[in-house]
Amino acid sequence: MMTKQIIIGCDHGGFVLKGQLIKHLQERGFDVCDIGTYSADSCNYPEIADTLCKRIQSGEFERGILVCGTGIGMSIAANKHSGIRAAACENTFSARMTRMHNDANVLCLGERVVGAGLACDMVDLFTDTDFEGGRHNVRVGMLNDLDK
Ligand code: RB5
(Lines give C-alpha, C1' and ligand atoms only; values in the text may rest on other atoms or scores of the structure.)
Protein backbone atom coordinates (compact mmCIF):
# COMPACT_ATOMS: atom_id res chain seq x y z
CA MET A 1 0.00 0.00 0.00
CA MET A 2 1.31 3.42 -0.98
CA THR A 3 1.47 6.51 1.24
CA LYS A 4 -1.92 8.19 1.58
CA GLN A 5 -0.85 11.08 -0.57
CA ILE A 6 -1.61 11.41 -4.25
CA ILE A 7 -1.50 14.02 -7.01
CA ILE A 8 -4.28 14.42 -9.57
CA GLY A 9 -4.81 16.52 -12.69
CA CYS A 10 -7.16 16.78 -15.64
CA ASP A 11 -8.00 18.76 -18.74
CA HIS A 12 -11.49 20.06 -19.52
CA GLY A 13 -12.46 16.58 -20.81
CA GLY A 14 -11.82 15.07 -17.39
CA PHE A 15 -12.91 17.92 -15.14
CA VAL A 16 -16.14 16.36 -13.79
CA LEU A 17 -14.60 12.93 -13.16
CA LYS A 18 -11.59 14.48 -11.44
CA GLY A 19 -13.94 16.10 -8.89
CA GLN A 20 -15.66 12.77 -8.25
CA LEU A 21 -12.33 10.99 -7.81
CA ILE A 22 -11.03 13.62 -5.41
CA LYS A 23 -14.13 13.22 -3.23
CA HIS A 24 -13.74 9.43 -3.33
CA LEU A 25 -10.05 9.56 -2.43
CA GLN A 26 -10.62 12.03 0.41
CA GLU A 27 -13.35 9.79 1.83
CA ARG A 28 -10.75 7.02 1.83
CA GLY A 29 -8.39 9.22 3.85
CA PHE A 30 -6.09 10.40 1.06
CA ASP A 31 -4.42 13.76 1.07
CA VAL A 32 -5.10 14.82 -2.55
CA CYS A 33 -3.05 17.46 -4.36
CA ASP A 34 -5.20 18.87 -7.18
CA ILE A 35 -3.12 20.59 -9.86
CA GLY A 36 -6.13 21.56 -11.98
CA THR A 37 -7.53 22.36 -14.38
CA TYR A 38 -10.10 24.08 -12.21
CA SER A 39 -12.90 24.72 -14.73
CA ALA A 40 -14.49 23.14 -17.78
CA ASP A 41 -12.83 25.74 -20.03
CA SER A 42 -10.73 24.26 -22.79
CA CYS A 43 -7.06 23.68 -21.94
CA ASN A 44 -4.12 21.56 -23.12
CA TYR A 45 -3.61 18.11 -21.59
CA PRO A 46 0.17 17.90 -22.29
CA GLU A 47 0.77 20.86 -19.96
CA ILE A 48 -1.20 19.27 -17.12
CA ALA A 49 0.55 15.92 -17.61
CA ASP A 50 3.93 17.66 -17.60
CA THR A 51 3.22 19.50 -14.34
CA LEU A 52 2.07 16.32 -12.61
CA CYS A 53 4.90 14.13 -13.89
CA LYS A 54 7.57 16.62 -12.80
CA ARG A 55 6.24 16.45 -9.25
CA ILE A 56 6.51 12.66 -9.32
CA GLN A 57 9.98 12.80 -10.87
CA SER A 58 11.10 15.12 -8.06
CA GLY A 59 10.02 12.55 -5.49
CA GLU A 60 7.35 14.79 -3.99
CA PHE A 61 4.64 12.25 -4.92
CA GLU A 62 4.84 8.51 -5.43
CA ARG A 63 1.77 8.17 -7.66
CA GLY A 64 -0.64 10.30 -9.65
CA ILE A 65 -3.87 10.23 -11.61
CA LEU A 66 -4.54 12.05 -14.88
CA VAL A 67 -8.00 12.40 -16.39
CA CYS A 68 -8.88 13.58 -19.89
CA GLY A 69 -11.62 12.64 -22.34
CA THR A 70 -10.13 9.27 -23.22
CA GLY A 71 -7.13 8.86 -20.89
CA ILE A 72 -5.02 8.40 -24.00
CA GLY A 73 -3.63 11.90 -24.57
CA MET A 74 -2.63 12.12 -20.93
CA SER A 75 -0.87 8.73 -21.07
CA ILE A 76 1.04 9.64 -24.23
CA ALA A 77 2.21 12.90 -22.66
CA ALA A 78 3.05 11.32 -19.30
CA ASN A 79 5.08 8.49 -20.82
CA LYS A 80 7.44 11.00 -22.42
CA HIS A 81 8.81 11.68 -18.92
CA SER A 82 11.66 9.54 -17.67
CA GLY A 83 10.73 7.33 -14.74
CA ILE A 84 7.04 7.71 -15.45
CA ARG A 85 5.07 4.56 -16.21
CA ALA A 86 1.60 5.74 -17.11
CA ALA A 87 -1.25 3.35 -17.90
CA ALA A 88 -4.50 4.30 -19.61
CA CYS A 89 -7.02 1.85 -18.14
CA GLU A 90 -10.64 1.12 -18.91
CA ASN A 91 -11.21 -1.89 -16.65
CA THR A 92 -10.30 -3.18 -13.21
CA PHE A 93 -8.17 -6.07 -14.47
CA SER A 94 -5.84 -3.67 -16.29
CA ALA A 95 -5.70 -1.30 -13.33
CA ARG A 96 -4.62 -4.15 -11.03
CA MET A 97 -2.20 -5.74 -13.48
CA THR A 98 -0.46 -2.50 -14.35
CA ARG A 99 0.46 -2.16 -10.68
CA MET A 100 1.48 -5.82 -10.28
CA HIS A 101 3.50 -6.15 -13.48
CA ASN A 102 4.43 -2.64 -14.69
CA ASP A 103 4.73 -0.82 -11.33
CA ALA A 104 2.69 1.96 -12.98
CA ASN A 105 3.01 5.24 -11.14
CA VAL A 106 0.41 7.21 -13.12
CA LEU A 107 -3.14 6.05 -13.83
CA CYS A 108 -4.84 7.71 -16.81
CA LEU A 109 -8.62 7.65 -17.10
CA GLY A 110 -11.11 8.85 -19.70
CA GLU A 111 -14.21 10.64 -18.47
CA ARG A 112 -15.88 10.03 -21.83
CA VAL A 113 -15.09 6.31 -21.65
CA VAL A 114 -15.76 5.08 -18.10
CA GLY A 115 -18.39 5.88 -15.48
CA ALA A 116 -17.51 7.26 -12.06
CA GLY A 117 -18.18 3.96 -10.27
CA LEU A 118 -15.77 2.00 -12.44
CA ALA A 119 -13.23 4.82 -12.29
CA CYS A 120 -13.31 4.78 -8.47
CA ASP A 121 -12.80 1.00 -8.44
CA MET A 122 -9.81 1.38 -10.76
CA VAL A 123 -8.36 4.10 -8.55
CA ASP A 124 -8.72 1.83 -5.50
CA LEU A 125 -6.83 -0.96 -7.27
CA PHE A 126 -4.19 1.50 -8.43
CA THR A 127 -3.58 2.76 -4.90
CA ASP A 128 -3.88 -0.57 -3.07
CA THR A 129 -2.14 -3.09 -5.32
CA ASP A 130 1.54 -3.79 -4.73
CA PHE A 131 4.14 -4.34 -7.44
CA GLU A 132 4.91 -8.04 -7.72
CA GLY A 133 8.65 -7.60 -8.25
CA GLY A 134 10.60 -10.74 -9.17
CA ARG A 135 10.82 -11.20 -12.92
CA HIS A 136 8.90 -7.95 -13.38
CA ASN A 137 11.73 -6.04 -11.69
CA VAL A 138 13.97 -6.96 -14.60
CA ARG A 139 11.40 -5.76 -17.11
CA VAL A 140 10.73 -2.49 -15.32
CA GLY A 141 14.50 -2.04 -15.23
CA MET A 142 14.48 -2.42 -19.01
CA LEU A 143 11.80 0.27 -19.23
CA ASN A 144 14.05 2.53 -17.17
CA ASP A 145 16.91 1.80 -19.59
CA LEU A 146 14.71 2.98 -22.46
CA ASP A 147 14.49 6.36 -20.71
CA LYS A 148 18.23 6.91 -21.21
C1 RB5 B 1 -10.23 17.09 -25.38
O2 RB5 B 1 -11.27 17.36 -26.26
C3 RB5 B 1 -9.70 15.69 -25.59
O4 RB5 B 1 -9.02 15.63 -26.80
C5 RB5 B 1 -8.80 15.29 -24.45
O6 RB5 B 1 -9.49 15.39 -23.24
C7 RB5 B 1 -8.25 13.88 -24.47
O8 RB5 B 1 -9.26 12.94 -24.66
C9 RB5 B 1 -7.10 13.63 -25.32
O10 RB5 B 1 -6.58 12.52 -25.43
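Heads up: the structure comes first, above all this text.
A. Representation of the sheet that holds strand β1 (residues 5-10) within the structure. Strand order across the open sheet formed by 5 strands is β2-β1-β3-β5-β4, with parallel pairing between neighbours. Only two strands of the sheet have a single partner each, and these edge strands are β2 (31-34) and β4 (86-88). The mean inter-strand angle of the sheet, taken between neighbouring strand axes irrespective of direction, is 25 degrees. The sheet contact formed by β1 and β2 spans 4 bridges and is parallel. Residue Ile8 lies in a different strand from β2, and its bridge partner there is Asp34. Relative to the sheet, helix α2 (residues 45-57) contacts β1, β2, β3 (64-68) and β5 (106-110), its axis offset from that of β1 by approximately 165 degrees. The strands touched by helix α5 (residues 116-128) within the sheet are β1, β3 and β5, with β5 carrying the most contacts at an inclination of about 175 degrees.

B. Local environment of unusual backbone geometry. In this chain, Gly36 is followed by Thr37 through a cis amide linkage whose omega measures 5 degrees. Mapped onto the elements of the fold, Thr37 is located in the loop between β2 and α2. If you check the backbone angles, Asp103 has positive phi at about 50 degrees while not being a glycine. Turning to its location among the elements, Asp103 is positioned in the loop between α4 (92-100) and β5.

Thresholds applied
Residues numbered from 1 in each chain as written. Predicted model: local features only at pLDDT ≥ 70, side-chain atom pairs only at ≥ 80, totals over all residues. Heavy atoms only, no water. Pairing = 2+ DSSP bridges. Helix = DSSP H or I, 4+ residues; strand = E, 2+ residues; numbered from the N terminus. Axes fitted to C-alpha atoms, helices over the stretch in contact; angles between N-to-C directions. Contact = heavy atoms within 4.5 Å.

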